[in-house]
Amino acid sequence: MPDGMNVDYDGLIPNNVGLAEDARVKKALETWHPGYIDWWKDMGPEGFQEALVYLRTAVSVDPKGWARFDYVKMPEYKWGILLAPKVEGRLIGFGQHKGEPAWQEIPGEYRGMLRRLMVIQGDTEPASVEQQRHLGKTAPSLYDLRNLFQVNVEEGRHLWAMVYLLQKYLGKDGREEAEELLNRRSGNADSPRMLGAFNEATPDWVSFFMFTFFTDRDGKMQLEALAQSGFDPLSRTCRFMLTEEAHHMFVGETGVQRIIERTCEAMKAAGISDPTDVERIRALGVVDLPTLQRKMNLHFSLTLDLFGNEVSTNAANAYNAGMKGRYREDKIEDDHRLLDATYPVLRCVDGQIAQEAVPALSALNMRLRDDYVQDCQGGVNRWNKAIEKAGIQFRLTLPHVAFNRRIGEFSRLHADPEGRVIDAATFAANHDRWLPNADDNLYITGLMKPVDAAGAYAGWIAPPKVGIDNKPGHFEYVKIWN
Ligand code: BYC
């Protein structure tokens, strides 16, 4: 059996990293554990700590069968530390150390850089749980409620994954950072989470599905880039995290898809063909497509900010050091050093948007963002197919990358969703047309009524095509009262 395939599932912390023989790290994690449980009870899903939830728990790292499904009370979930199996003889795949054996410890000169990358990654995980903690109260079905909680417990496990790396490889500094990860709070004025989008509210289920489609997909891209790392424990950790992440994006994509299906179905049944006839569509109790477009504009633009600056020496340094690669670096055919290469980047030049060839090393955030946009477009195309199939004349479109930005080149200008540069007054005058407005929020809030009978769904969302773990339609995914 390859190294790392055996999972010790009996102790307090399930793991495949030999924790039982690593007294120092075991003690550090066991010391951190009560604070984590306190954080979960304070900031995790509100009102459902005693419910029995039909959850998937990672119990192995074998791709053929890594998860077990069962009813669990969330505070009793087995948050384990699981790394993808070690690949013998793995070499660093890019940067100045390309071709050298992958590191099993952090080289001294890269401690600061890796600490920052792992802390930023770790910080997003509890942040998203905090952002979503009120949603249980308005879930459109037990199926959706269970999916929310699945996402939440796995984000909790991803925090554990980063805390393990910090404590194991960065000693005292790592232990301090692990404490801080439990102290910051999403949206808190004094100790906010580190990245902008993780301090925004997730006030309703339409936002939740958009968040899991767009923002969890940034998670996928960043994890893919870190999975290429020459620091082998980080690579192995991220590779296993990606296994779980796929379900989060599935929740987002199918969530929006089911909203679209329900809206189109209700419009057809009522004989409404004009998707902009918002008043009549809302009278049916479904989400009109223009509102969905505005929600999309918001979540896409907020998420683009998570890729950092278009031109970044941090990104260049991390690549050179062999710490953070490109999306699917191992599938790209070039020299994997990029010293002489350039990459086309959209920039703000004299107040206008212009394309420039930039040294490829400095443009790595941009390249990852381009790969991300392409990945998003695939999902949007599938949504549009559903609209087209229903015979409704409407297309959802990703707004231009310059629209509504707060980080990077385009934070210095205003652009409309098509990418035309406009002045501040024009942006303000159209804000409510392009981004969710007070009326949209009020309407959507009004739709958010909990549906907690097994097999029943709120009127604004279609049931899923298949159940989780192939369960039948009436399956009780969450036993709220037990
Ligand atoms: N907000 O050189 P730059 C996920 C700062 S999501 C605030 O461009 P870099 C998940 C930046 O820190 C994935 N500040 O930075 C999803 C820097 O400050 P310092 C999370 C920002 O390093 C859903 C300065 O501006 N993982 O997993 O090239 C649910 C200069 O910027 C922001 C990662 O992000 C911002 N948006 O790029 C649950 C991976 N952007 O240090 C989970 C790790 C930039 O000069 N992180 N700044 O004071 C990274 O790779 C990079 O740090 C970033 C930024 C891509 C975030």
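Residues numbered from 1 in each chain as written. Predicted model: local features only at pLDDT ≥ 70, side-chain atom pairs only at ≥ 80, totals over all residues. Heavy atoms only, no water.

Thoughts on the overall build of the protein
Then, in step 1: A count of helices and strands for the protein gives twelve helices and seven strands.
Then, in step 2: Its C-alpha atoms give the protein a radius of gyration of 23 Å, near enough to 23 Å, the size a compact globule of 482 residues would have.
Then, in step 3: Overall size of the protein, expressed as C-alpha extent along the three principal axes, is 65 × 65 × 45 Å.
Then, in step 4: Residue burial in the protein is summarised as follows: out of 482 residues, 58% are buried.
Then, in step 5: Pairs at least 24 apart in sequence give 72% of the contacts found in the protein among residues at least 6 apart.
Then, in step 6: Charge-centre separation for the protein: the mean point of 57 positive side chains lies 2 Å from the mean point of 68 negative side chains. (Helix = DSSP H or I, 4+ residues; strand = E, 2+ residues; numbered from the N terminus. Rg over C-alpha atoms; globule rule 2.2 N^0.38 Å. Buried < 20%, exposed > 50% of the residue type's maximum accessible area, 1.4 Å probe, protein only. Contact = heavy atoms within 4.5 Å. Lys, Arg positive; Asp, Glu negative; His and termini not counted. Charge placed at Lys NZ, Arg CZ, Asp CG, Glu CD.)

Overview of the sheet that holds strand β2 (residues 67-73)
Then, in step 1: The sheet built from three strands is open, its strands ordered β2-β1-β7 with antiparallel pairing. Taken across any chain shown, the strands that pair with only one partner, and hence form the sheet edges, are β2 and β7 (478-479).
Then, in step 2: As judged from the seven bridges shared by strand β1 (residues 52-58) and β2, these two strands associate in the antiparallel manner. Bridging across to β2, Tyr54 finds its partner in Tyr71.
Then, in step 3: Lying on the sheet, helix α3 (residues 142-169) is in contact with β1, β2 and β7; it crosses β1 at an angle near 40°. (Pairing = 2+ DSSP bridges. Axes fitted to C-alpha atoms, helices over the stretch in contact; angles between N-to-C directions.)

Examining the pattern of salt bridges
Then, in step 1: The full count for this structure, using the stated rule, is 38 salt bridges.
Then, in step 2: Glu409 serves as the salt-bridge partner of Arg412, at 3.1 Å between the closest nitrogen and oxygen.
Then, in step 3: For Glu409, a relative accessible area of 8% gives the class buried. (Salt bridge = Lys/Arg side-chain N within 4 Å of Asp/Glu carboxyl O.)

Side note on the side chain of Thr212
Then, in step 1: With respect to the helices and strands, the residue Thr212 is situated in helix α5 (residues 205-227).
Then, in step 2: The exposure class assigned to Thr212 is buried, which follows from its relative accessible area of 0%.
Then, in step 3: Looking at Thr212, its side chain comes within polar contact range of the main-chain oxygen of Phe209, at 3.2 Å.
Then, in step 4: Leaving out residues up to four positions away in the same chain, Thr212 has contacts with Arg217, His248, Met249, Val251 and Gly252. (Polar contact = N/O pair within 3.5 Å; in protein donor to acceptor, adjacent residues only side chain to side chain.)

Considering the nonpolar core
Then, in step 1: With 120 residues, the main nonpolar core has Tyr36, Tyr164, Ile260 and Trp460 as its most contacted residues.
Then, in step 2: Considering each element in turn, this core owes the most residues, 16 residues, to α3.
Then, in step 3: Other than its neighbours up to four places away in sequence, Tyr164 contacts Val17, Leu19, Val25, Leu29, Ile81, Leu83 and Tyr169.
Then, in step 4: Formed by 13 residues, the second largest nonpolar core is a distinct cluster that contains Ala315, Ala316, Val345 and Met366. (Core = buried A, V, L, I, M, F, W, Y, C linked by side-chain atoms within 4.5 Å.)

Considerations on the packing of α3 against α5
Then, in step 1: Running from N to C, α3 and α5 point in directions that differ by 40°, and their axes come no closer than 12 Å. With respect to α5, the axis of α3 lies oblique. Crossing geometry of α3 relative to α5 is assigned as left-handed. Seen from α3, the contacting residues are Asp144, Leu145, Leu148 and Glu155; seen from α5, they are Trp205, Phe208, Phe209 and Asp216.
Then, in step 2: Taken together, the residues of the contact of α3 with α5 break down into five nonpolar, no polar and three charged. (Parallel < 35°, antiparallel > 145°, perpendicular 65-115°, else oblique. Left-handed = near helix turned anticlockwise from the far one by under 90°. Nonpolar A, V, L, I, M, F, W, Y, C, P; charged D, E, K, R; others polar.)

Comments concerning the pairing of strand β3 (residues 342-349)
Then, in step 1: Inspection of the sheet shows β3 paired to strand β4 (residues 352-359) by eight bridges, in the antiparallel sense. In the strand pairing of β4, Val345 is matched with Glu356.
Then, in step 2: Hairpin geometry of β3 and β4 is characterised by an intervening segment of two residues between the two adjacent antiparallel strands and by a positive phi of about 50° at Asp350.

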